[in-house]
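An overview of the molecular structure
Listed here are the chains, written in short residue letters.
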Amino acid sequence: MSRLYILPVNSPEENVLLELEQKLQPIIGWEIRRAASMSIPPSAFNAVRNQYEALHIMREIVDVIQIDATRILAITEEDLSIPMLTFVFGQAQLGGRIALMSLARLRPEFYGMAAKKELCLHRAFKEALHELGHTFGLKHCPKQSCIMAIANTIQQVDEKGIDFCGGCSTLFRDARQQIESLEKESV
Amino acid sequence: MNTQWNILVVDDEEITCESMAAWLREDGYSVDTASSGQEGLEKTRLKEYAIYFIDLKMPKGIDGIETMMEVKKIYADASVVIITAYATVDTAISAMKEGALEYIVKPCNPQEISMLVSRIIKVKNLERENTILRQKLLGQYTFNDIISKNAKMLEIFSLVKEISSLRSTVLIQGESGTGKELIARAIHFSGDRVDKPFIAVSCAALAETLLESELFGHEKGAFTGAVNQKQGKFEIADGGTILLDEIGDISPKLQLDLLRILQEKSFYRVGGSEEIKVDVRVIAATHVDLMEAVKQGKFREDLFYRLNVINIHIPALRDRIEDIPLLTKSFLERISHELGKSVSDISEGALKKLMEHQWPGNVRELENAIERAIVTCKEYVLSENDFQFLNRKEEKSWTIPPMTLKEMEREAIIATLKRTEGNVKEAAFQLGIDRSTLYDKIKYYNIPR
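A brief report on the enclosed structure follows. (Residues numbered from 1 in each chain as written. Chains lettered and ligands numbered in written order. Predicted model: local features only at pLDDT ≥ 70, side-chain atom pairs only at ≥ 80, totals over all residues. Heavy atoms only, no water.)

1. So, helix 5 (residues 166–186) of chain A
Residue and element names in this part refer to chain A. We apply this condition: Each helix is a run of H or I in the DSSP string that is no shorter than four residues. Each strand is a run of E no shorter than two, and both are numbered from the N terminus. A helix is expected to span 1.5 Å for every residue after the first. Using a 1.4 Å probe on the protein chains alone, a residue whose accessible area is under 20% of its type maximum counts as buried, one over 50% counts as exposed, and one in between counts as partly exposed. The directions considered for the arc are those from the helix axis to the C-beta atoms.
For helix 5, which comprises 21 residues, the first-to-last C-alpha distance of 31 Å matches the rise-based estimate of 30 Å (1.5 Å per residue) to within 8%. Cys168, Phe172, Ala175, Arg176 and Ile179 are the residues of helix 5 that are buried. Along the long axis of helix 5, the arc covered by the buried residues comes to 100°, so they all point the same way. Exposed side chains of helix 5 directed beyond 90 degrees from the buried face belong to Gly166, Gln177, Gln178, Lys184 and Glu185.

This is the structure in structure tokens:
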């Protein structure tokens, strides 16, 4: 049976985790489990940039990965980056098992605005489904209304839709079916 | 977004390579990584990349700029983006001077890189589209390896298609290097004899006795050295086509033998008594004016009419200069590839120079000139300087024998009228005078028309 694990990294806000578990389940269609919380190793911290190295964290996740996890969505409050880019909202293994997302830049407070719980939850859902989409092999979609559209700014996150477009929806369903069949065969 | 393009990230920091690769893969690109300039070059030799992200400072081996220069030797059109954490104006200018498309300082805003990549890919897509359209256009003007958009050549292409399956003899006339053999091949390979042999014989290359034996074969002991029986080209070509190139150069005896073959479709081997019957389509080619040779008694009139059932006259390259750009691009692509050189284009100035040249050796001379220029070219684009050797030839070809200005004018008018096949309007245009003036001069110089 296929399972999606939600992995809290450095204690993200519990409400966000609960909301995401609830909203993602009908779309993914798998059992959703909560993994034991994980701490980011200090070596992943870049003091000069005051950010955490996304790829470094993903490599740590590989070490603590649940054996029965079909996919893992790791969520953190910390600001993430990669050496080439000033920040990333998240990163995923294309067609792999692990996706990582940060709530830091999804919060209006990051931009000096008043906190808005609903807005943050809405953005978190978009980012979670987008990164999970990558683990199902989906690439960026040219349709701006699709959840798989690229977003390099918070405005672009807000502008894009909350669903897969027709094409991406088909690709997502096919990939999910294929993953489930492979899992059944291996059992 | 686009799965057809490959990107290579070259950086000595593995985490930089891998994270950048993962980020670009999400965008649909096929991304490879290399941890040194050397490894990047090895990968480049195996695969072409649309974009190279190359780190400027790599402590081991060659640095980013050197890597870029080596990459450009392999793929002149490679789009290289230099990455550095140590930005200085000097290094930026140096990288751009050496051919970098962009220069970015890491860490970079994701939107900036995203826009940069899509901008480069947009240009690559346009370039690819342009290449496809160019190839299609070239295909439109290509007939059995012959490239032309000249009206007379296009008429020849249609004629070749019409006559390809007939048995009639064909006489192809044209200056050396105009592609007479290519037309002969086109006739053979477009017709119903395609599965049978196509044999080309250069009549000018062999002495009379050797040519006789070459064409008709010989019996054992027919002459000194004839230790075995040998089949001639006519027997080998049975069912197919024989091209008799430089037919104007054959001896009176061979002219008679050929006449017999054309009339009776049979011949005897040298020293043989057995009549051999063959079904061979004869195509003759010559650079000399055979009619003139007939008038001078050098060529049999009856053979001329037997050969001249279908006549094709291939225009000289100087009379179809509109073909020079097409031919040049085609030769450039093929020869550059064959020689393993990165020369991929020709400057407008160089092309103009080629279009102004007289090309006495026609298409063959043009092909040789392009090859010579590519061999000596140190850049990615052929320039006027690469064709300096044509100047010397040009000077030589303009050596004028002693004559008066009037005699020169008469010669110029005769040559132009010959080139335009008696078309006075066209000749007047080429000579830069009006039609009535040309008529006056024709009358004045008593030029026969």
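Now that the structure has been shown, the text picks up again.
2. Overview of the packing of aromatic side chains
Counted only if it meets this: For Phe, Tyr and Trp, where Trp contributes only its six-membered ring, two rings pair if their centres lie within 6.5 Å, and the inter-plane angle classes them as stacked under 30 degrees, edge-to-face over 60, or tilted in between. Two limits define a charge over a ring: the Lys NZ or Arg CZ must be within 6 Å of the ring centre, and within 35 degrees of the ring normal.
If you walk through the whole model with that rule in mind, you get 15 aromatic pairs over all chains. Here A:Trp30 and A:Phe136 contribute two aromatic rings whose centre-to-centre distance is 5.4 Å and whose plane-to-plane angle is 35°, an arrangement assigned as tilted. Taken as a pair, A:Trp30 in the loop between helix 1 (14–28) and strand 2 (31–34) and A:Phe136 in the loop between helix 3 (117–135) and helix 4 (154–159) lie far apart in primary sequence, 106 residues in all. Summarising the burial analysis for this pair, A:Trp30 and A:Phe136 share the class buried. Residues B:Phe216 and B:Phe234 carry aromatic rings whose centres are separated by 5.8 Å and whose planes lie at 10° to one another, so their mutual orientation is stacked. Taken together, the positions of B:Phe216 in helix 8 (residues 208–216) and B:Phe234 in helix 9 (residues 233–236) put the pair 18 residues apart, joining distant regions of the chain. A relative accessible area of 0% means that B:Phe234 is categorised as buried. Ring pairing ties together the aromatic residues A:Trp30, A:Phe136, A:Phe164 and A:Phe172, which thus form one cluster. Its end group placed over the ring of A:Phe125, A:Lys23 keeps NZ or CZ at 5.7 Å from the ring centre.

3. Regarding unusual backbone geometry
All names here are of chain B. With an omega of 5°, the peptide bond running from Lys106 to Pro107 counts as cis. Note that Pro107 resides in the loop between strand 5 (102–105) and helix 5 (110–140). Notably, Glu246 is not glycine yet its phi reads approximately 55°, a positive angle. Tracing the backbone shows Glu246 in the loop between strand 12 (241–245) and helix 10 (252–264). Of the residues examined, Glu246 reaches a relative accessible area of 14% and is grouped as buried.

4. Thoughts on a negative patch on the surface
All names here are of chain B. Heads up, the condition is: In this analysis, a patch consists of residues with relative accessible area above 30% that form no salt bridge, clustered at 9 Å for like charges and at 5 Å for the nonpolar side chains Val, Leu, Ile, Met, Phe, Trp and Tyr. To measure how exposed things are, a 1.4 Å probe is used in the Shrake-Rupley method; for residues, cover is taken only from the protein chains shown. Each reported salt bridge corresponds to a side-chain nitrogen of Lys or Arg within 4 Å of a carboxyl oxygen of Asp or Glu. Counting rule applied: Lys, Arg positive; Asp, Glu negative; His and chain ends not counted. Taken as the charge centre is NZ of Lys, CZ of Arg, CG of Asp or CD of Glu, depending on the residue.
On the surface, a cluster of negative charge is made up of Glu48, Asp77, Glu127 and Asp345. Looking at the secondary structure, you find Glu127 in helix 5. Judged by its relative accessible area of 40%, Glu127 falls in the partly exposed class.

5. With respect to the environment of B:Leu303
Residue and element names in this part refer to chain B. Mapped onto the fold, Leu303 is located in helix 12 (residues 301–307). The exposure class assigned to Leu303 is buried, which follows from its relative accessible area of 0%. Between the C-alpha atoms of Leu303 and Gln263, which are 40 residues apart in sequence, the distance is 9.6 Å.

6. Comments concerning the pattern of salt bridges
Residue and element names in this part refer to chain A. As enumerated under the stated definition, the model contains 37 salt bridges over all chains in all. For the salt bridge of Arg107 with Glu77, the shortest nitrogen-to-oxygen distance reads 2.8 Å. Within this pair, whereas Arg107 is found in the loop between strand 9 (98–102) and helix 3, its partner Glu77 is found in the loop between strand 5 (71–76) and strand 6 (80–82), the two being separated by 30 residues in sequence. Owing to a relative accessible area of 22%, Glu77 belongs among the partly exposed residues under this scheme. Each of Arg3, Glu31, Arg33 and Asp68 takes part in salt bridges that share partners, so that together they form one network.

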